[in-house]
Amino acid sequence: MSSRFAEREPVDLDAVADELYGLRPEQFTAARNERVAAARSAGNRALADEIGRLRRPSLSAWASNTLVRARRDEVEPLVGLGEALRRAHRDLDAAQLRALVHQQRLLIGALARQAAQLAADAGHPLGQDARREVQDTLQAVLADAEAARQWASGRLAKPLTPTAGFPATSGEAPPRRPAKPDRAKRPAPAEAGKSAAEQRRRRELAEAREAAEEADRERAARAAQAGEAAQRAEEAKEKAAELRDRVETLSKELKGAEADLARARSDDRTAREETRAAERRVRDADRAAQKATRRVEELSGDG
């Protein structure tokens, strides 16, 4: 193979994955297949199988990978912001969370625009759905440490899904823990009425938040199903492209074989015609020899 991927034996899966996921989407499949072939030629079938399982990234996943690779200095700020958001959420620190949510909106907006610009500069402008998937991936980075690790690797094959119910996605900070009541001090009747109303409001707010979180979980589940379906469709598209390439190759080979067969048949006809002509010349020569022999015999008898 003439490709730069086939010029050397693959070292390990990490090195190959770093190479492949740094390519443009249309280059991925051919390069992966070449690396699989190189690993098999080197006798490393296990590595070849692992490379063969690497999936071509979706457009939004490729854009996210491109962002990570082109803007390495932006990776740590987003990962650090996610850690701070999760810590503020655990501590129920409303003031801190509000400030961090503001930072989140600014940073995610800036990074999403950078990803879209990088993709457009590379000849793959992002549509509305792909832009939303890039933003969802960045939200997932803030919500989950494992998602942040996957994103920072620059090897995503599909977009990440934000954790359902994570408050940073909605911008709403959780309430502070209520202070313990002073048992020695009884509230006045008016205060007691306000307290009951406040408790009802808090209960309704908690129920509303629970319903919202359930809706978020349902949305995330549906988004995950849609993502899986999209990935299967992408894999089927990729397989169809590979089979189409194979069919084109076989068609060219078939046309070449048919041309060879036609030439062979033509050569066969020519050879048979030449054989028949040679046989006729042999018969003519045989008759001429017999005639000459008879003439010699006749002349010999006259003498």
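Here's a quick rundown of the structure. These figures come from a predicted structure and were not determined experimentally.

### Considering the packing of helix α2 (residues 25-41) against helix α3 (residues 45-52)
Where α2 meets α3, the axes come as close as 7 Å, and the angle between the chain directions of the two elements is 170°. In terms of orientation, α2 lies roughly antiparallel with respect to α3. For the pair α2 and α3, the contacting residues are Arg 32, Arg 35, Val 36, Ala 39 and Arg 40 in the first and Arg 45, Leu 47, Ala 48, Asp 49, Ile 51 and Gly 52 in the second. For the contact of α2 with α3, a count of residues per class yields five nonpolar, one polar and five charged.

### As for α3
Of all the positions in α3, only Leu 47, Ala 48 and Ile 51 are classed as buried. On an axial view of α3, the arc spanned by its buried residues comes to 105°, and they lie on one face. In this structure, α3 carries Arg 45 and Ala 46 as exposed residues pointing more than 90 degrees from its buried face. Residues of α3 that are buried sit in contact with α1 (13-20) and α2.

### Some remarks on the pattern of salt bridges
Applying the stated criterion across every chain, the model contains 10 salt bridges. Here Asp 284 makes a salt bridge to Arg 287, at a shortest N to O gap of 2.3 Å. Of this pair, Asp 284 and Arg 287 both sit in helix α9 (residues 189-302), separated by three residues, roughly a single helical turn. Take Asp 284: its relative accessible area is 43%, and that puts it in the partly exposed class. Taken together, the salt bridges that share partners define one network made up of Asp 14, Asp 18 and Arg 155.

### Re the packing of aromatic side chains
Scanning the model with the defined rule gives one aromatic pair in all. Seen from their ring centres, Tyr 21 and Phe 28 are 5.2 Å apart, and the 50° between their planes marks the pair as tilted. Judged by its relative accessible area of 6%, Tyr 21 falls in the buried class. For Phe 28, a relative accessible area of 1% gives the class buried.

### A closer look at α1
When α1 is considered as a whole, its buried residues turn out to be Val 16, Ala 17 and Leu 20. Taken around the axis of α1, the buried residues stretch over an arc of 100°, which confines them to a single face. Where the residues of α1 are buried, they touch α2, α3 and α4 (59-70). Sitting at the amino-terminal end of α1 is Asp 12, which places a side-chain oxygen 3.3 Å from the backbone nitrogen of Asp 14.

### Considerations on the environment of Glu 133
Note on placement: Glu 133 falls in helix α7 (residues 128-143). Here Glu 133 falls in the partly exposed class, since its relative accessible area comes to 31%. Setting aside residues no more than four positions away along its own chain, Glu 133 makes contact with Ser 60 and Pro 159.

### A closer look at the packing of α1 against α3
At a closest axis distance of 10 Å, the pairing of α1 and α3 adopts a crossing angle of 35°. In the packing of α1 onto α3, the handedness of the crossing is right-handed. Contact with α1, carried on its side by Leu 13, Val 16 and Leu 20, involves Leu 47, Glu 50 and Ile 51 of α3 and no other residues of that element. Split by residue class, the contact of α1 with α3 holds five nonpolar, no polar and one charged.

### A short note on a positive patch on the surface
A grouping of Arg 276, Arg 280, Arg 281 and Arg 283 is seen on the molecular surface, where their side chains present a positively charged patch. Tracing the backbone through its elements, the reader meets Arg 276 in helix α9.

### Remarks on the nonpolar core
Ranked by size, the top nonpolar core spans 35 residues in total, and within it Leu 67, Leu 78, Leu 126, Leu 138 and Trp 151 carry the most contacts. Counting only elements with at least two residues in this core, the list comes to α4, α5 (75-91), α6 (94-121), α7 and α8 (145-153). In terms of residues, this core owes the most to one element, α6, which gives 10 residues. Setting aside residues no more than four positions away along its own chain, Trp 151 makes contact with Ser 64, Leu 67, Val 68, Glu 74, Val 75, Leu 78, Val 79, Thr 137, Leu 138, Val 141, Leu 156 and Leu 160. Within the second largest apolar cluster, 14 residues are counted, among which are Leu 20, Ala 31, Val 36 and Ala 48.

About the criteria used
- Residues numbered from 1 in each chain as written.
- Predicted model: local features only at pLDDT ≥ 70, side-chain atom pairs only at ≥ 80, totals over all residues.
- Heavy atoms only, no water.
- Axes fitted to C-alpha atoms, helices over the stretch in contact; angles between N-to-C directions.
- Helix = DSSP H or I, 4+ residues; strand = E, 2+ residues; numbered from the N terminus.
- Parallel < 35°, antiparallel > 145°, perpendicular 65-115°, else oblique.
- Contact = heavy atoms within 4.5 Å.
- Nonpolar A, V, L, I, M, F, W, Y, C, P; charged D, E, K, R; others polar.
- Buried < 20%, exposed > 50% of the residue type's maximum accessible area, 1.4 Å probe, protein only.
- Arc of directions from axis to C-beta.
- Salt bridge = Lys/Arg side-chain N within 4 Å of Asp/Glu carboxyl O.
- Phe/Tyr/Trp six-rings, centres within 6.5 Å; stacked < 30°, edge-to-face > 60°.
- Polar contact = N/O pair within 3.5 Å; in protein donor to acceptor, adjacent residues only side chain to side chain.
- Left-handed = near helix turned anticlockwise from the far one by under 90°.
- Patch = residues over 30% accessible without salt bridge, like charges linked within 9 Å, V, L, I, M, F, W, Y side chains within 5 Å.
- Areas by Shrake-Rupley, 256 points an atom, 1.4 Å probe, with all protein chains shown as cover.
- Lys, Arg positive; Asp, Glu negative; His and termini not counted.
- Charge placed at Lys NZ, Arg CZ, Asp CG, Glu CD.
- Core = buried A, V, L, I, M, F, W, Y, C linked by side-chain atoms within 4.5 Å.

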